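# An overview of the molecular structure
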Amino acid sequence: MNVPPELADLAAAYIERNLATIYEFGKNVLGGAKNKARLQLKGTYSSYIASAGSRYGRSKSFFIRSAPTDIYEFYVPLGVTCGEHNLESVSLAEIESLTKRAIITGTAGCGKSMLLRHLFLSTLRQGSRIPVLVELRSMSSMEAPTSLIEMIESSLSDHSFNLGSSFIEMALNKGHFVILLDGLDEVPVKQRKKLGREIIKLSLTATDCVIILSSRPDDSFSNWEEFSDLTVNPLSLDDACKLISKLPHDEEIKKKFTRELQASLFELHESFLSNPLLLSIMLLTYGQYAEIPHKLSLFYDHAYEALFQKHDALKGGFQRDRLTRLDIQDFAKVFSAFCVRTYNQHQFQLSRTECLAHLDKSKIQSNIDVQSDKFLDDCLQSVCLLLEDGVQIAFAHRSFQEYFVATFINQSAPSIQKKLMDKFDYSLDRDSIFTLLLEMNRDLVEREFILPRLSSLFRKLKIGRQVGITHFLRYLNLCFSEIRFPDRSKSHIGLTLTSDRSHPESLSFLQFALRSNPEYTSFDEISGDDVAPSWREVADRYSVKGEERVLRIKELTIRTPLLREMSKMHGPLSLNALQSAYRQMKALTKKHENVDKSLEALLT
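Keep in mind it's a predicted model, so treat the numbers as computed, not measured. (Residues numbered from 1 in each chain as written. Predicted model: local features only at pLDDT ≥ 70, side-chain atom pairs only at ≥ 80, totals over all residues. Heavy atoms only, no water.)

### Quick word on the overall build of the chain
So the rule is basically this: For helices the rule is a DSSP run of H or I covering at least 4 residues; for strands it is a run of E covering at least 2, with both sets numbered from the N terminus onward. By definition in these notes, contact holds between two residues if any of their heavy atoms fall within 4.5 Å. Residue-level accessible areas treat just the shown protein chains as cover; the underlying method is Shrake-Rupley with a 1.4 Å probe.
Counting its regular elements, the chain contains 24 helices and 15 strands. Residue pairs at least 24 apart in sequence account for 72% of intrachain contacts in the chain once pairs closer than 6 positions are excluded. For the chain, the exposed surface amounts to about 28,000 Å²; the carbon and sulfur share of it is 49%.

The structure is reproduced here in structure tokens:
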């Protein structure tokens, strides 16, 4: 293997600094003569640092697809926020100064995976621990669930770290590793809870190891008391300009785009252009469209058109011939069906054989005659919606999969639309499918998804004319089973609500429904009281020192002080939020009745 000089130097420095310590804790499980064991350790660690460093130090990206490229050629340092702490340029040392247990969260395209690769490399440079990067999305392509420890061992052995399970267990107990777990949100839902329990268990047994995972935001993380929440910061204007300068695109277009960013463009569209992926899409489509879209779905519309029609503009204007000869709409139909199939099976990277099997069925469903192998080659080489990642094939970005799922639903027959919305409702608080679909077809989402569920919810709550404290208590009983107050002596104080049940009218749905209201502004404003208590204040009052306190929801009554305080809090879980949703249901009912009447009047 041709080892880059930097990695060879890092391996040599690491071995010189740590070999004696490693041998001391590992000698009992390695066996054999001392010199032989030390030689084995030296060879293993040298091979691992060289192999894993090369693998994670190079990557393909949305813009750079032809070959893996050094990530620092296009990586812009990302900052994270943890409570009152703001880390502008993150390294392992900076995170470890705050916590040994971190969950890095951020929306699609914000750079979480690239940040973990950067942390992997910064750990190698720091030289005191060995980093292990586990790409959790690989669980979606496995036939049977795999334990976290097996995945860690597999990640090590894939890069020539073959010292055996006993050595790895000993090393975990000694705090020898930095465990980096990328993409918990990409693990199939059925496996995610089990994996979450295993992560928490590992954090309690491997107490001296650093454990960092990445995910899109998820309410369930509030139960992970040992972990600190780190949120990826949006790009600043300077960061955005640096990223543009690094991307392989026409230099004149980059200069013009940068000038417009600095003039007013970034300020006008900061919510989009502070996201690395959306910024890249905007550069790709810049000059082709007269205005910048205000909707996320239009970003992906434009990106797909640019990839399909001018897919190699980023490489100097060369346009590669497509093999399938499908027009842009038919190509999208087949690819949308492919995305629905893979999304339904929680597959975000697949083998070529799996891709072809899905495409064989997707073209039949789309009623479009195309050769699956040629279509796949177009997806990889011409339209660039997919990319090869080692022996696997992955989406150019996972958010493209979600966009095409939303497109498929929007273009399907009414009976299929409702079935798919009901099937994918678990993704409301994790993925962007419903947000994109709402932009594409607001009437559909309101009529077939939001309104029926709001109506069902308020029937279950037995509401007459208005929503009161009794209905709020019924809602808590419907959604949750207990309230947990952590030990007051812990550094992170807050209450969490847990549930042993799932239903269509969950809190995730209520949040989505409220956000879908054009008059909605912020959850912070959903309260009837300007001095509403915060979750932290309530937790401080009801928690006790030295133990966790658990209250069953069914033990609460309308006279319970805790219930009354919770009902007055800001946010989606409050009496005022429930009242807002009830008014929304009335308004939607009237709106869609008027649409039906207007249609009748038009046709008579």
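Right, picking up where we left off after that structure.
### Section: the pairing of strand β7 (residues 177-182)
The test is simple: Under the scheme applied here, a residue whose accessible area is under 20% of the maximum for its type counts as buried, over 50% as exposed, and between as partly exposed, the area being computed with a 1.4 Å probe on protein chains only. At least two bridges found by DSSP between two strands are what make those strands a pair. Note on handedness: a clockwise path from strand one over the helix to strand two, with the strands aimed away from the viewer, defines a right-handed crossover.
By the criterion of burial, β7 is predominantly enclosed, with six of the six residues buried. Side chains Phe177, Ile179 and Leu181 project from β7 onto one buried face, and the interleaved Val178, Leu180 and Asp182 project onto a second face that is buried too. Relative to β7, strand β6 (residues 130-135) runs parallel, the two sharing six bridges. Bridge pairing in β7 places Val134 opposite Leu181. Crossover β7 to strand β8 (residues 210-215) through helix α7 (residues 189-205) is right-handed.

### Concerning the environment of Cys241
Mapped onto the elements, Cys241 comes out in helix α8 (residues 237-246). Using a relative accessible area of 12% as the deciding quantity, one classes Cys241 as buried. On a C-alpha basis, the gap between Cys241 and Gln262 in space is 8.3 Å, while along the polypeptide they are 21 residues apart. With residues near it in sequence (within four places) discarded, Cys241 still touches Thr258 and Gln262.

### What about helix α13 (residues 328-344)?
Three- or four-residue spacings in an α-helix give side chains the same orientation, since the helix completes a turn every 3.6 residues. Cut-off, in case you're wondering: The span expected for a helix works out to 1.5 Å for each residue beyond the first. Pairing of N or O atoms within 3.5 Å defines a polar contact, subject to two protein rules: one partner must be a possible hydrogen donor and the other a possible acceptor, and residues neighboring in sequence count only if both atoms are side-chain atoms.
In this model, α13 (17 residues) spans 24 Å end to end at C-alpha, consistent with the 24 Å of a helix rising 1.5 Å per residue. Of all the residues in α13, the buried ones are Phe331, Ala332, Val334, Phe335, Ser336, Ala337, Phe338, Cys339, Val340, Thr342 and Tyr343. Where α13 begins, one side-chain oxygen reaches toward the backbone nitrogen of Gln329, 3.1 Å away; that side chain belongs to Asp327. One or two positions beyond α13, positive phi appears at His346, with a value near 55°.

### Remarks on helix α11 (residues 276-285)
Most of α11 is tucked away: 10 of the 10 residues are buried. Listed in full, the buried residues belonging to α11 are Pro276, Leu277, Leu278, Leu279, Ser280, Ile281, Met282, Leu283, Leu284 and Thr285. Turning to α11, the residues buried within the fold contact α8, α9 (251-268), α10 (270-273), α12 (296-309) and α16 (398-411). By the N-cap criterion, in which a side-chain oxygen at the helix start approaches the backbone nitrogen of a residue two or three places on, α11 is capped by Asn275, the distance to Leu277 being 2.9 Å.

### Observations concerning the pattern of salt bridges
Pairs may arise between side chains of opposite charge once their charged atoms sit close together. Under the convention used in this document: Put simply, a salt bridge is a Lys or Arg side-chain nitrogen that is within 4 Å of an Asp or Glu carboxyl oxygen.
Per the counting criterion, the structure on display carries 24 salt bridges. For Glu446, the salt bridge identified is with Lys591, shortest N-O distance 2.7 Å. Note that Glu446 is positioned in helix α19 (residues 442-460) and Lys591 in helix α24 (residues 575-603), a separation of 145 residues in sequence. Glu446 gets classed as buried once you look at its relative accessible area, which sits at 3%. Through salt bridges with shared partners, a single ionic network connects Asp185, Arg216, Arg398, Glu402 and Asp431.

### Looking at the nonpolar core
Worth spelling out the cut-off: What makes a nonpolar core is a set of buried Ala, Val, Leu, Ile, Met, Phe, Trp, Tyr and Cys residues whose side-chain atoms join them at distances within 4.5 Å.
Tyr45, Phe167, Phe177, Phe335 and Phe458 are the most contacted members of the largest nonpolar core, which totals 190 residues. Ranked by the residues each element gives to this core, the list is headed by helix α1 (residues 5-30), at 10 residues. Aside from chain neighbours lying at most four places away, what touches Tyr45 is Tyr14, Ile15, Ile22, Ile130, Phe161, Leu163, Phe167 and His176.

### Focus on the sheet that holds β8
Defined as follows: To obtain each axis, a line is fitted to C-alpha atoms, and for helices this fit is confined to the stretch in contact; angles are then taken between N-to-C directions over 0 to 180 degrees.
With respect to topology, seven strands assemble into an open sheet ordered β4-β3-β9-β5-β8-β7-β6, the strand pairing being mixed. One side of each edge strand has no neighbouring strand; the edge strands of this open sheet are β4 (85-87) and β6. With direction set aside, neighbouring strand axes in the sheet form an average angle of 20°. The pairing of strand β3 (residues 80-82) with strand β9 (residues 228-232) spans two bridges and is classified as antiparallel. Bridge pairing in β9 places Val80 opposite Val232. On top of the sheet, helix α4 (residues 112-126) reaches β3, β5 (101-105), β6, β7, β8 and β9; it is set at about 160° to β6, its chief contact.

### Observations regarding the environment of Tyr304
Its location among the elements puts Tyr304 in helix α12. On the basis of relative accessible area, Tyr304 is assigned to the buried category, the value being 5%. Residues Tyr304 and Leu385, 81 residues apart in the sequence, show an inter-C-alpha distance of 8.2 Å. Excluding residues that lie within four positions of it along the chain, Tyr304 makes contacts with Ile328, Phe331, Ala332, Val383, Leu385 and Phe404.

### Considerations on the side chain of Ser280
Tracing the chain through its elements places Ser280 in helix α11. Of note is the side chain of Ser280, whose polar atom sits 2.8 Å from the backbone oxygen of Pro276.

### Notes on the packing of helix α17 (residues 414-423) against α19
To keep it simple, the criterion reads: Roughly parallel covers angles under 35 degrees, roughly antiparallel covers those over 145, roughly perpendicular covers 65 to 115, and oblique covers all other angles. Note: crossing handedness is left-handed where the near helix turns anticlockwise from the far helix by less than a right angle, and right-handed where it turns clockwise. The nonpolar class holds Ala, Val, Leu, Ile, Met, Phe, Trp, Tyr, Cys and Pro. Asp, Glu, Lys and Arg form the charged class, and all remaining residues, Gly among them, are polar.
Between α17 and α19, the shortest axis-to-axis distance is 11 Å and the interhelical angle comes to 50°. The angle between the axes of α17 and α19 places the two elements in the oblique class. The crossing of α17 and α19 is right-handed. Residue-level inspection shows Gln417, Lys418, Met421 and Asp422 of α17 in contact with α19, the latter providing Leu444, Glu448, Phe449 and Arg453. Taken together, the residues of the contact of α17 with α19 break down into three nonpolar, one polar and four charged.

### Side note on the side chain of Ser59
If you trace the backbone, Ser59 turns up in strand β1 (residues 58-59). Judged by its relative accessible area of 10%, Ser59 falls in the buried class.

### Section: the sheet that holds strand β10 (residues 349-350)
A sheet is described by the order of its strands in space; here three strands give the open sequence β10-β12-β11, paired in antiparallel fashion. Looking at the sheet topology across the chains shown, the edges are occupied by β10 and β11 (386-389). By the bridge criterion, two bridges tie β10 to strand β12 (residues 392-395) in an arrangement that is antiparallel. Within β12, the position partnered with Leu350 by the bridge is Ile393.

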